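Report on the structure
Residue-level listing of the chains:
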Amino acid sequence: MKAKVCAFANQKGGVGKTTTVNNLGVAIAKAGYKVLCVDLDAQANLTDGLGVDPYGVGQSVFDLLKGQPVERMILDVGDVHLLPASQLLATADLEFSGRIAREQLLRKGLRSVLSSYDYIMLDCPPNLGLLTVNAFVAATHVYFVSEAEYYALSGLGLIWTTFEACKELNATVELAGVIVTQYDKRKVLHRDVVRSIGEQGQFVNKVFETKIRCNVDLASAPSHGMSIFEYDPKANGALDYAQLAREFLR
Ligand SMILES: Nc1ncnc2c1ncn2[C@@H]1O[C@H](COP(=O)(O)OP(=O)(O)OP(=O)(O)O)[C@@H](O)[C@H]1O
Ligand SMILES: [Mg+2]
């Protein structure tokens, strides 16, 4: 067994990256796979949403990047395992700026647990800095997470350029999909934007058929430290992420 390492990214904030890693990760784990979720964002929303106090964690992914062994910092949080974030990640760009092979710190750090998981899910921060680049270099599969709003198209162009540049250090990484969140099929704009994304050369046949609808329960669940499946298994958000998991695993 060798883990599929999946990075979920977009430099735009608030598009649903963390919500997707949390709920898709739990859905896949419930389907019987071993899942490690990695919080690469100094905001530590994923850590918090999985029920772990980011101020209370001992070692975090920051220590992993500094060369500490990964086994020490992995937490069992129920359905999935978590590699938590800390606020120190906000200093990563400066901290590691002079480091040789600084783009490969995460790949190296995760190497020893690749055989312990089926899926390693990387929750990227909302920028294209060193941590997102580390995610693209560590990943086997990259997923862009996007809203169906007007600015999504130019934003996806920018992240694509960074993704392409990372292939120099990770030749086999592939763009495995574009996940659309906070989608309302009644809105002409949303339908148009999704169609436009799917017509761009690099995204043809990449947009997931399953769209994640706007659902307030998805926003409430993390404040209870629960995935949507515990919080309200009948919510649209639970139905959508369960459907997304089926498509993801196909
Ligand atoms: N489908 C949805 N319906 C309603 N609210 C959602 C949905 N997806 C995410 N949200 C809410 O929108 C906000 C942003 O989502 P999330 O934190 O997942 O985005 P993000 O891309 O990880 O943000 P950041 O870039 O800041 O890390 C959160 O409050 C979240 O609960
Ligand atoms: Mg996030």
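This write-up is about the structure you can find in this document. Note that the coordinates shown come from a computational prediction; the quantities given were computed from them, not determined experimentally.

**Some details on the site of ligand 1**
Taken together, 18 residues sit near ligand 1, with Lys17, Thr18, Thr19, Arg213 and Asn215 positioned nearest. Here Thr19 contributes a side-chain N or O atom positioned 2.5 Å from an oxygen atom of ligand 1. In this structure, Arg213 approaches ligand 1 through a main-chain N or O atom, which is 2.9 Å from a nitrogen atom. More than half of the atoms of ligand 1 fall within 2 Å of the grid points belonging to the largest pocket. For the shell around ligand 1, the elements supplying multiple residues, two or more each, are helix H1 (17-30) and helix H9 (216-220). For the shell around ligand 1, the leading source of residues is H1, giving three residues.

**Structural notes on unusual backbone geometry**
Of note in this structure, Ala101 is not a glycine but carries a positive phi near 55 degrees. Owing to a relative accessible area of 24%, Ala101 belongs among the partly exposed residues under this scheme. The phi dihedral of Gln182 is positive, around 50 degrees, even though this residue is not glycine. Among the secondary structure elements, Gln182 is positioned in the loop between strand S7 (174-181) and helix H8 (188-199). In this structure Gln182 comes out as partly exposed when scored by relative accessible area, which is 31%.

**Quick word on the environment of Tyr55**
Within the fold, Tyr55 resides in the loop between helix H2 (45-49) and helix H3 (61-65). As for Tyr55 and Arg99, which are separated by 44 residues in sequence, their C-alpha atoms are 27 Å apart. Side chain to side chain, Tyr55 and Gln87 meet in a polar contact 3.5 Å long.

**Observations regarding the layout of surface pockets**
Of the volumes computed, that of the largest pocket is approximately 420 Å³. As for the largest pocket, its lining consists of 31 residues, and the residues nearest its centre are Gly16, Lys17, Thr18, Thr19 and Gln182. The element contributing the most residues to the lining of the largest pocket is H1, with five residues. Classifying every residue of the lining of the largest pocket gives 13 nonpolar, 14 polar and four charged.

**A few points about the sheet that holds strand S6 (residues 141-147)**
Spatially, S3-S4-S2-S5-S1-S6-S7 is the arrangement adopted by the seven strands of the open sheet, whose pairing is mixed. Each end of this open sheet is capped by a strand with a single partner; those strands are strand S3 (75-76) and S7. Sheet analysis places strand S1 (residues 4-9) next to S6, joined by four bridges and oriented parallel. Directly across from Cys6, in S6, lies its bridge partner His141. In this fold helix H6 (residues 130-138) packs onto S1, strand S5 (119-123) and S6, with an angle of close to 150 degrees to the strand it touches most, S1. Contacts from helix H7 (residues 152-166) reach S1, S6 and S7, with the element oriented near 160 degrees to S6.

Rules of the game
- Residues numbered from 1 in each chain as written.
- Chains lettered and ligands numbered in written order.
- Predicted model: local features only at pLDDT ≥ 70, side-chain atom pairs only at ≥ 80, totals over all residues.
- Heavy atoms only, no water.
- Near = heavy atom within 4 Å.
- Polar contact = N/O pair within 3.5 Å; in protein donor to acceptor, adjacent residues only side chain to side chain.
- 1 Å grid on protein atoms, 1.4 Å probe; cavity = no way out; pocket = protein on both sides within 12 Å on 5 of 7 lines; lining within 4 Å.
- Sits in = over half its atoms within 2 Å of the grid points.
- Helix = DSSP H or I, 4+ residues; strand = E, 2+ residues; numbered from the N terminus.
- Buried < 20%, exposed > 50% of the residue type's maximum accessible area, 1.4 Å probe, protein only.
- Points joined across faces, edges and corners; volume = space filled by probe spheres on them.
- Nonpolar A, V, L, I, M, F, W, Y, C, P; charged D, E, K, R; others polar.
- Pairing = 2+ DSSP bridges.
- Contact = heavy atoms within 4.5 Å.
- Axes fitted to C-alpha atoms, helices over the stretch in contact; angles between N-to-C directions.

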